[in-house]
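Residue-level structural notes
Residue strings, one per chain:
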Amino acid sequence: MFLKVQLNWNVVIPAENLDIKGLMLQKAILVRLLDDFSAKKATKDLGYLLAVTTLDKIGEGKVREHSGDVLFPVNFTCLSFKIFRGEVVEGVVHKILKHGVFMRCGPIENLYLSNQKMTDYQYQIAENPCFLNEKTGSRIEKDVTLRCIVIGVKYMEAQKEFQAVVGLEGHHLGPI
């Protein structure tokens, strides 16, 4: 799910980047904010940070005593992506194993669908392994888009990324 979030961050501008022209200072603050924003990647509460949409306010700068750098409080609005338990998502299969499949959904690289959560499908050993539903003939193979429901979500602090377990139990779920 996409979220629109308002954040307050502190942006530090090195003394050598300061200029008496206000426009250049605003540009330096924006460039630094975007650098800091892109390095953050994701947080447990907000999900993946995707884009700064508006720069709402730049507060008064405070000079740091020892370095001469200036710290500016900045208010901005951004777009983030976070999945929640019970949400229906669409993912693209990128890896097939005997015990399940891994999918990608937006910035999330590891959505896992266990073979136990797709009871109508049987693993097929072939040149291109897949899961086959013999009743309907539908196949889950590499590069297939699946609609599934999120069963659980875990945030990996060290990698700054999310992992999720998904299932196919429900109406209108499965290969698209």
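Where an unreviewed UniProt entry is consulted, the chain appears under the name DNA-directed RNA polymerase subunit, with the organism given as Deinandra increscens subsp. villosa. In UniProt, the chain has this text filed under Function (unreviewed entry): "DNA-dependent RNA polymerase which catalyzes the transcription of DNA into RNA using the four ribonucleoside triphosphates as substrates."

**Details of the pairing of strand β3 (residues 47–58)**
By the bridge criterion, two bridges tie strand β2 (residues 42–43) to β3 in an arrangement that is antiparallel. Looking at β3, one finds that Ala 42 is bridged to Tyr 48. In this structure, the hairpin formed by β2 and β3 is closed by a connection of three residues. As paired elements, β3 and strand β5 (residues 70–81) share eight bridges and run antiparallel to each other. Following the sheet pairing, Val 52 is matched in β5 by Cys 78.

**As for the sheet that holds strand β11 (residues 139–140)**
The antiparallel open sheet is built from three strands, whose spatial order is β9-β10-β11. The open sheet has two edge strands, β9 (122–124) and β11, and neither has a second partner. Pairing of β9 with strand β10 (residues 130–132) involves three bridges; the strand directions are antiparallel. Counted as the bridge partner of Gln 122 is Leu 132 from β10.

**Overview of the state of the cysteines**
Applying the stated criterion to the full structure yields zero disulfides. Between Cys 78, a cysteine without a disulfide, and Cys 105, which holds the nearest cysteine sulfur, the sulfur-to-sulfur distance is 18 Å. Lacking any disulfide linkage, Cys 130 is separated from the closest cysteine sulfur, that of Cys 148, by 18 Å. Here Cys 130 falls in the buried class, since its relative accessible area comes to 2%.

**Details of the pairing of strand β8 (residues 108–114)**
Residues in a regular strand point their side chains to alternate faces of the sheet. Within β8, five of the seven residues are buried, leaving the element largely enclosed by the surrounding structure. Bridging between strand β7 (residues 100–105) and β8 involves five bridges; their strand directions are antiparallel. Residue pairing across strands places Met 103 opposite Leu 111, the latter belonging to β8. Between the antiparallel neighbours β7 and β8 lie two residues, among them Gly 106 with a positive phi of about 60°. The pairing of β8 with strand β13 (residues 161–167) spans four bridges and is classified as parallel. Opposite Tyr 112, over in β13, you have Val 165 as the bridge partner.

**Some remarks on the layout of surface pockets**
Gaps left between atoms show up when a probe the size of a water molecule is rolled over them. Of the volumes computed, that of the largest pocket is approximately 200 Å³. Asp 120, Tyr 121, Asn 133, Leu 168 and Leu 173 are the residues nearest the centre of the largest pocket, which is lined by 14 residues in total. For the lining of the largest pocket, the per-class residue count stands at five nonpolar, five polar and four charged.

**Here we look at the side chain of Asn 133**
Along the polypeptide, Asn 133 turns up in the loop between β10 and β11. Within the structure, Asn 133 has its side chain in polar contact with the backbone nitrogen of Lys 135 (distance 3.0 Å). The contact partners of Asn 133, leaving out residues within four places of it in the chain, are Asp 120, Tyr 121 and Ser 138.

**Side note on the environment of Lys 62**
By secondary structure assignment, the location of Lys 62 is in strand β4 (residues 62–63). Residue Lys 62 is classed as exposed on the basis of its relative accessible area, which comes to 55%. Spatially, the C-alpha atoms of Lys 62 and Pro 73 are 8.9 Å apart, while their sequence positions differ by eleven residues. Other than its neighbours up to four places away in sequence, Lys 62 contacts Asp 69, Val 70 and Leu 71.

Rules behind the numbers
Residues numbered from 1 in each chain as written. Predicted model: local features only at pLDDT ≥ 70, side-chain atom pairs only at ≥ 80, totals over all residues. Heavy atoms only, no water. UniProt positions renumbered as here; feature names shortened; annotations may be inferred. Pairing = 2+ DSSP bridges. Helix = DSSP H or I, 4+ residues; strand = E, 2+ residues; numbered from the N terminus. Disulfide = S-S within 2.5 Å. Buried < 20%, exposed > 50% of the residue type's maximum accessible area, 1.4 Å probe, protein only. 1 Å grid on protein atoms, 1.4 Å probe; cavity = no way out; pocket = protein on both sides within 12 Å on 5 of 7 lines; lining within 4 Å. Points joined across faces, edges and corners; volume = space filled by probe spheres on them. Nonpolar A, V, L, I, M, F, W, Y, C, P; charged D, E, K, R; others polar. Polar contact = N/O pair within 3.5 Å; in protein donor to acceptor, adjacent residues only side chain to side chain. Contact = heavy atoms within 4.5 Å.

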